[in-house]
Amino acid sequence: MYEYKKNGYSTFKITNKLLLFTLWVRQAANKFLKICGGTILEKQIGKQSVRFENPPYIMSSAAIVGQKEGEGPYGKFFDEILNDDKAGCECWEEAEGKLQEMAANKALSKSGLEKKDIRYIVAGDLLGQLMASSFGLMKLEIPMFGIYGACSTMGESISIASMLVDGGYADNILAITSSHFASAEKQFRFPLGYGSQRKMASTWTVTGSGAVIISSEKMAQKANMSDKNKVHITGITTGKIVDFGVKDSMNMGACMAPAAGNVIVQNLIDNGRKPEWYDKIITGDLGLVGKDILLDITRSKGYDIADRYMDCGIEIYSREQEIQAGGSGCGCSASMLAGYIVKMLEKGTWQRVLFVPTGALLSPVSFNEGDSVPGIAHAVVFECSGESQ
């Protein structure tokens, strides 16, 4: 029996032999590491970050996009490009659900896993009650966490999935999200038939879905993934809701940039890093307007990230495609991650990436009531030695 006393009073007693042994091992390990000058890894880092003790792996990734996205500069990196943006469905909302179904099945196929091997799905989208995720993934019959982070949803889903895998609650989790130009315009802006003029600061919602299967080390070894091409998720920084009072729903970049700046700076502070530690710092969909605001914010905090900064919304389309300030939507960062960023890590082009999907937390109700548009962003740390190492 182990008896713990404080100020001379017995506060609790432990009689379970297994618990006693676990406590003894923990105390012995702490004493040993203290003598050696080390410490047991703390998962909670700083104010908002987590560093994984058992970093999960990206087992596979898949990106399905629409015609316009396929015509952009990254078309060759996507797994499939739709010939019909309705994907053979009756309406835009159903088509977006189909995108998720296709991306999920493609990720499963590439991983060599079956539906029964996936413990959970962590998914979300922009539509009311997560229609695309609910209807699109229903046939998989896998337990699902439905989440909403606006266009930051891929960062949120990967963060939650990674914590579950690191904690030992699952060996394989599918993280997935989507967006569709027509369904988003219909819900958040104007019906397409209205033919409204688009402002120069506005962004074009990406038609696309990105999926990644996040797995434990045990599963990665079982799949014979070599060390040189294992993409690890080594940490996350969860973002705060930041509201600078911007009310222009056609200027998403200005709404989201303060949140992106906040979480990027906090990631650097929490981990004691400089921007140079990362090969790339990649935001989700700030666009041309949000990019300038973000760089000003980080410089004002003493961090210049300009030489390694990239925004998925700026990159996914060419300027000739007339998309104003860039791309946006959950599918923007998700399809770029699954289609391009993971491949660059596997090849060794980049070894460390801070991936920061960004979201504008508005709804038709909040817009009609004249509320401002708060922003949020979540940061995920990817590392990989790559083929060239």
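Residues numbered from 1 in each chain as written. Predicted model: local features only at pLDDT ≥ 70, side-chain atom pairs only at ≥ 80, totals over all residues. Heavy atoms only, no water.

A.B. asks: Whenever I open this one, the confidence of the model for the chain confuses me. Can you help?
C.D. replies: Predicted coordinates in regions of low pLDDT should not be interpreted in detail. Per-chain confidence: the chain averages 88 in pLDDT, with 85% of residues scoring 70 or above. Overall, residues 2-14 carries pLDDT values under 50, and its contacts beyond four positions in sequence, including any with other chains, amount to 20 contacts. (pLDDT = per-residue confidence, 0-100. Contact = heavy atoms within 4.5 Å.)

A.B. asks: In this structure, what is going on with the side chain of Asp-166? I would like to understand it.
C.D. replies: Looking at the secondary structure, you find Asp-166 in helix H5 (residues 153-166). The class of Asp-166 is buried, set by a relative accessible area of 6%. A polar contact is formed between the side chain of Asp-166 and the backbone nitrogen of Asn-54, at a distance of 2.7 Å. Excluding its chain neighbours within four sequence positions, the residues that come into contact with Asp-166 are Lys-43, Phe-52, Glu-53, Asn-54, Pro-55 and Pro-56. (Helix = DSSP H or I, 4+ residues; strand = E, 2+ residues; numbered from the N terminus. Buried < 20%, exposed > 50% of the residue type's maximum accessible area, 1.4 Å probe, protein only. Polar contact = N/O pair within 3.5 Å; in protein donor to acceptor, adjacent residues only side chain to side chain.)

A.B. asks: Help me understand the packing of helix H3 (residues 92-111) against helix H6 (residues 181-188), please; the structure alone is not making it clear to me.
C.D. replies: Axis angle and axis distance: for two packed helices, these are the angle between their axes and the distance between the axes, and together they describe the pair. Running from amino to carboxyl end, H3 crosses H6 at an angle of 130°, the nearest separation of the two axes being 8 Å. With respect to H6, the axis of H3 lies oblique. The hand of the H3/H6 crossing is left-handed. On H6, the residues that touch Trp-92, Glu-93 and Glu-96 of H3 are Ala-182, Ser-183 and Lys-186. (Axes fitted to C-alpha atoms, helices over the stretch in contact; angles between N-to-C directions. Parallel < 35°, antiparallel > 145°, perpendicular 65-115°, else oblique. Left-handed = near helix turned anticlockwise from the far one by under 90°.)

A.B. asks: I keep staring at the pattern of salt bridges and nothing clicks. Help me out?
C.D. replies: It is possible for side chains bearing opposite charge to pair when their charged atoms get close. Per the counting criterion, the structure on display carries 9 salt bridges. Across the pair Asp-166 and Lys-43 runs a salt bridge, and its minimum N-O distance is 3.0 Å. With Asp-166 in helix H5 and Lys-43 in the loop between helix H1 (17-36) and strand E3 (44-45), the pair connects residues that are 123 residues apart, well separated along the chain. Looking at Lys-43, the relative accessible area reads 29%, which means it is partly exposed. With a closest N to O distance of 3.9 Å, Asp-296 and Arg-299 form a salt bridge. Of the two residues, Asp-296 and Arg-299 are both situated in helix H9 (residues 287-300); the distance of 3 residues between them amounts to about one turn of the helix. A single network of salt bridges, built from pairs that share partners, joins Asp-296, Arg-299 and Asp-304. (Salt bridge = Lys/Arg side-chain N within 4 Å of Asp/Glu carboxyl O.)

A.B. asks: Help me out: how do you make sense of the environment of Val-365 in this one?
C.D. replies: You can see Val-365 is positioned in helix H12 (residues 364-368). Overall, the relative accessible area of 54% leaves Val-365 in the exposed class. In this structure, the C-alpha to C-alpha distance between Val-365 and Phe-188, residues 177 residues apart in sequence, is 9.7 Å.

A.B. asks: What should I look at first to understand the environment of Val-122 in this one?
C.D. replies: Relative to the helices and strands, Val-122 resides in strand E7 (residues 120-124). Remark: the alpha-carbon pair of Val-122 and Ser-157, spanning 35 residues in sequence, is separated by 5.4 Å. Those residues in contact with Val-122 that lie beyond four places of it in its chain are Phe-145, Ile-147, Ser-157, Ile-160, Ala-161, Ile-173, Leu-174, Ala-175 and Ile-176.

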